[in-house]
Amino acid sequence: MSDFEPKIIAFVCNWCTYAGADLAGTSRIKYAHNIRIVRFPCTGRIDFMLLLKAFQSGADGIIVSGCHPADCHYTAGNYHARRRWIVFQNLLNFLGIDTRRITFSWVSAAEGAKWGHLVNEVVDNIKKIGPYTEYAKLGKIGIGSISEGNYARIE
Amino acid sequence: MQELNNKIAELLTNNLVSIFISYKKGLNGKIKPAFFTKPNEVYENYFGDEAQQNLAVYVHKPEVKKYSKVGILANIFALKALLQLYAENQIKDNYLTIVTVNQDNKVIVFADFNEIESYIAQHQIEKNTNKQKEINELLSLSREKRWEFWVEQLSSCIKCYACRAICPMCYCSKCTVELNQPQWISVPAHSLGNFEWHIMRMMHLACRCINCQECSRVCPMNIPLHLLTTKINSDMEEEFGQIAGMKTTLDFALNTFKVDDYENFIR
Amino acid sequence: MKILSGKIMNYKTLKIDNLDLFFNEIKKSGKNLLVPKKKGKTTYFSSFININDVEFNYIQTTISPKSALFPKVEELISFKKDDGTYVVTEPSIEKETIVFGLRPCDAVGLEYLSNFFLNEKSDFTVRLRKENTTLITLACKNFDENCFCTSVGLSPASIKGSDICLTDIGNGLFYAEIITDKGEKLIAEHSALFSNAEKINKESYVAQVPLKFDSDNLIKNIKNYYNSEKWTINSLPCLGCGACAFVCPTCTCFNIEDEANPVCGTRLRCWDSCAFGIFTLHASGHNPRPIQSNRWRHRVLHKFGYSVTNMDTLSCVGCGRCIRVCPAGMNIIEQILDLQEA
Ligand code: SF4
Ligand code: SF4
Ligand code: SF4
Ligand code: SF4
Ligand code: FES
């Protein structure tokens, strides 16, 4: 497992975390390269379906990050997002989806170092727990005749 | 029940409603929805324990809306659904006449939604401890076992959307599953499409679902959807203290927030 | 409609106690054996594992066996980018399948379904599946108020569409009618379990399903019903889900979905239903069946009218599944009786 390089998708808001990641870059802070950043106007815009799509496309881990409470550029986007994350996280956990692979965080535009740390930690952690294939495999279950059983089991 | 039949006939005779939605016995003995338009049809009306379907689903059916004044027999779940629909601005003023029969077999015609609100407050539905037990059992399993359980359950979904069709709170004229630009939900009923469908549905019903468990009742594949609805509702209550179908004004947990909402997982 | 019958090639008996052996032998031979199983209120077909989870106590399965020929999702083609070129693969369906425990009406339903797919342009996957599938029908001993095979020209004794038809004749014996070469072949492979028998009169061993309506009269008058006012009021309970179509052995509507990215992808065929509002929605926004009563009418008229015109047969076999499964109590028998009353 030592040569496993996890794919991490980060969904971040434009005003804080993206700027924070930018700062990490301009301050020449070195951090794991396993991350692909997707920029959104605000955490309030990060639809929960996007997280599922990331897992479907083979992400091993996900970071969702935005402005600290009270700092959202649109005043309350992150407060709304926070409630949604609470519900979503509970639901995914109930369904047995591996929620250890989703990290939520607040990273401000000034927290370049925090961003670097966070990414490193997430990458280390995912390296430890290994690749996530369960969810991506779902697309193959239930296709074809009932030979596999109407109630499919994963091998 | 004679008193109820008289009431329905009276509403129809006096043109207070142009159609009344209740129950009747079908040819095969199964109790099904009835749509009475004339007083002389009301003798068919059925009242009893077998009347299960939540009739609130019909108030937004276009063919029903054509009748300007609609009467409806509502059990406690239908009342909760109607109240939630009202709070969500889905019921026009003076469109509905809502009738219920209380535990003493008295027929009640509600004057307005405030009366329904207080009726519901007095008639709390007991929490189903069995379901809570099932949920706790699942939660006590390892994550992997829970995953196996749900993959097995949800893989069998055939995407007939009976759960959506029967649900009084699923009223969108264009459901997310029908959108394809972009396509959020994979259309085929393979396990991926099924997971996406059920996760999306639960997220859209969190704190709007009144937990009538109709979706679970009608699923041809016997998928325990009530576990999902019960879980998400109790989460909403625990986390935010909000429950659907209790108030005339919108009390939707995902539409609002508190600055000090508690969580322990954001880094 | 006259009672449909096939030509019987041979008669045998099988000890009911030997079913377990029979099933295990089939399983051992590497074939896929589908048997009825139960989960809560739902009876469905699934691969045989153990005789203990085979369900025998059902009037009719909740889900029809049509998935054996026409699965809820199936791959039509798939492609993959390999060294800059795309490689396209067609699915291979080699595994032989045996369906046990479908009812006589289902066998006719599956015959209709394959005729539909193999009619003008022979459908690739349905043809392969059909060639590889053997149907062992179980004649009905019981019926319920939703069964109406006799009203559509069939009966619990009909053998049309089956490869082998088993009837419980008491004393722990199944009477086996072997109808097709496929059936012959299967019996030959397990000949030790079957004994020779004389032709018997099955009628007294099967359920006597009462007539619910007169289908000749229905077919004759069907054109007059199109404009009936009854469709609207009768379809008010209908919620426009796909349950009735998805459990029906003769509903063939499908939708084709491409799931692809630039590197690989598949083309999938999925069940669809005429009861869905968007089924007939045009890209222009126009919908020729804008309201549910139009869709309900289409379903009923297709079963009893359009398929008679197009394929010279009814496309309802009276299995009653749509009635049992409907969340809103819609009943095709009630609708027909109501139309005929006028
Ligand atoms: S009713 Fe059941 S089978 Fe149909 S879409 Fe809902 S969960 Fe799936
Ligand atoms: S329990 Fe099911 S049918 Fe009832 S409101 Fe909730 S989601 Fe809708
Ligand atoms: S008839 Fe019943 S099963 Fe069929 S679409 Fe209407 S509500 Fe659904
Ligand atoms: S229409 Fe209903 S009764 Fe007729 S074949 Fe289909 S499911 Fe069976
Ligand atoms: S703009 Fe950063 S969370 Fe709203």
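Residues numbered from 1 in each chain as written. Chains lettered and ligands numbered in written order. Predicted model: local features only at pLDDT ≥ 70, side-chain atom pairs only at ≥ 80, totals over all residues. Heavy atoms only, no water.

Regarding the packing of helix 2 (residues 104-118) of chain C against helix 3 (residues 124-131) of chain C
Residues and elements named next belong to chain C.
Turning to step 1, where the next piece is worked out: Look at helix 2 against helix 3: their axes get within 9 Å of each other, and the N-to-C directions meet at 140°. When the axis of helix 2 is compared with that of helix 3, the two are oblique. Relative to helix 3, helix 2 is oriented so that their crossing is left-handed. Contacts from Ser 114, Phe 117 and Leu 118 in helix 2 reach Val 126, Arg 127 and Lys 130 in helix 3.
Turning to step 2, where the next piece is worked out: Classifying every residue of the contact of helix 2 with helix 3 gives three nonpolar, one polar and two charged. (Axes fitted to C-alpha atoms, helices over the stretch in contact; angles between N-to-C directions. Helix = DSSP H or I, 4+ residues; strand = E, 2+ residues; numbered from the N terminus. Parallel < 35°, antiparallel > 145°, perpendicular 65-115°, else oblique. Left-handed = near helix turned anticlockwise from the far one by under 90°. Contact = heavy atoms within 4.5 Å. Nonpolar A, V, L, I, M, F, W, Y, C, P; charged D, E, K, R; others polar.)

Observations concerning the site of ligand 1
Residue and element names in this part refer to chain B.
Turning to step 1, where the next piece is worked out: Among the 14 residues in the neighbourhood of ligand 1, the closest are listed as Cys 157, Cys 160, Tyr 161, Cys 163 and Cys 219.
Turning to step 2, where the next piece is worked out: Contributions of two or more residues to the shell around ligand 1 are made by helix 7 (162-166) and helix 8 (191-205).
Turning to step 3, where the next piece is worked out: Its residues assigned to classes, the shell around ligand 1 comprises twelve nonpolar, one polar and one charged. (Near = heavy atom within 4 Å.)

Focus: the layout of surface pockets
Turning to step 1, where the next piece is worked out: Of the voids in this model, the largest pocket is the one considered here, and its volume is about 1300 Å³.
Turning to step 2, where the next piece is worked out: As for the largest pocket, its lining consists of 48 residues, and the residues nearest its centre are Ile 76, Phe 77, Ile 125, Glu 126 and Asn 211 of chain B.
Turning to step 3, where the next piece is worked out: Elements represented by at least two residues in the lining of the largest pocket include exactly helix 3 (76-87), strand 4 (96-101), helix 5 (129-140), helix 9 (214-218) and helix 10 (225-240) of chain B.
Turning to step 4, where the next piece is worked out: Counting residues per element, the lining of the largest pocket draws most heavily on helix 10 of chain B, at six residues.
Turning to step 5, where the next piece is worked out: Partitioned by chemical class, the residues of the lining of the largest pocket number 18 nonpolar, 21 polar and nine charged.
Turning to step 6, where the next piece is worked out: Here the second largest pocket defines a volume of roughly 1100 Å³.
Turning to step 7, where the next piece is worked out: For the lining of the second largest pocket, the secondary-structure elements that each account for two or more residues are helix 2 (62-65), helix 7 and helix 8 of chain B together with helix 8 (292-311) of chain C.
Turning to step 8, where the next piece is worked out: Looking at which element gives the most residues to the lining of the second largest pocket, the answer is helix 8 of chain B, with five residues. (1 Å grid on protein atoms, 1.4 Å probe; cavity = no way out; pocket = protein on both sides within 12 Å on 5 of 7 lines; lining within 4 Å. Points joined across faces, edges and corners; volume = space filled by probe spheres on them.)

What to know about the sheet that holds strand 4 (residues 102-106) of chain A
Residue and element names in this part refer to chain A.
Turning to step 1, where the next piece is worked out: Spatial ordering of the open sheet is given by 2-1-3-4, a layout of four strands whose pairing is parallel. Of all the strands in the sheet, the pair left with one neighbour each is strand 2 (35-40) and strand 4. Mean inter-strand twist for the sheet, computed between neighbouring axes without regard to direction, equals 20°.
Turning to step 2, where the next piece is worked out: Of the pairings in the sheet, the one linking strand 1 (residues 8-13) to strand 2 comprises six bridges and is parallel in character. Looking at the pairing, Cys 13 lines up with Phe 40 of strand 2.
Turning to step 3, where the next piece is worked out: In the packing of helix 1 (residues 17-26) onto the sheet, the strands contacted are strand 1, strand 2 and strand 3 (61-66), and the crossing angle to strand 1 comes to about 115°.
Turning to step 4, where the next piece is worked out: Strand contacts of helix 4 (residues 112-129): strand 1, strand 2, strand 3 and strand 4, with the helix running at about 160° to strand 3, the strand carrying the most contacts. (Pairing = 2+ DSSP bridges.)

Comments concerning the domain arrangement of chain C
All names here are of chain C.
Turning to step 1, where the next piece is worked out: Looking at the assigned domains, one finds that chain C contains domain 1 (2-65 + 72-205) and domain 2 (215-341).
Turning to step 2, where the next piece is worked out: Placing the centre of domain 1 and that of domain 2 at their C-alpha centroids yields a distance of 25 Å.
Turning to step 3, where the next piece is worked out: Taken residue by residue, the interface counts 41 residues in domain 1 and 38 residues in domain 2.
Turning to step 4, where the next piece is worked out: Carbon and sulfur atoms make up 62% of the surface buried where domain 1 meets domain 2, a total of about 3100 Å² over both sides.
Turning to step 5, where the next piece is worked out: The salt bridge partner of Arg 269 is Glu 74, with a shortest N-O separation of 2.8 Å.
Turning to step 6, where the next piece is worked out: For the pair domain 1 and domain 2, the number of links is 16 residue pairs in polar contact (both at pLDDT 80 or more).
Turning to step 7, where the next piece is worked out: Within the residue set of the side of domain 1 that touches domain 2, elements represented by two or more residues are strand 4 (73-82), helix 2 and helix 3.
Turning to step 8, where the next piece is worked out: Top element by residues in the side of domain 1 that touches domain 2 is helix 2. It accounts for ten residues.
Turning to step 9, where the next piece is worked out: A breakdown of the residues in the side of domain 1 that touches domain 2 according to their chemical character gives 21 nonpolar, eleven polar and nine charged. (Domains from an automatic or database assignment. Buried area = accessible area lost by both parts, 1.4 Å probe. Salt bridge = Lys/Arg side-chain N within 4 Å of Asp/Glu carboxyl O. Polar contact = N/O pair within 3.5 Å; in protein donor to acceptor, adjacent residues only side chain to side chain.)

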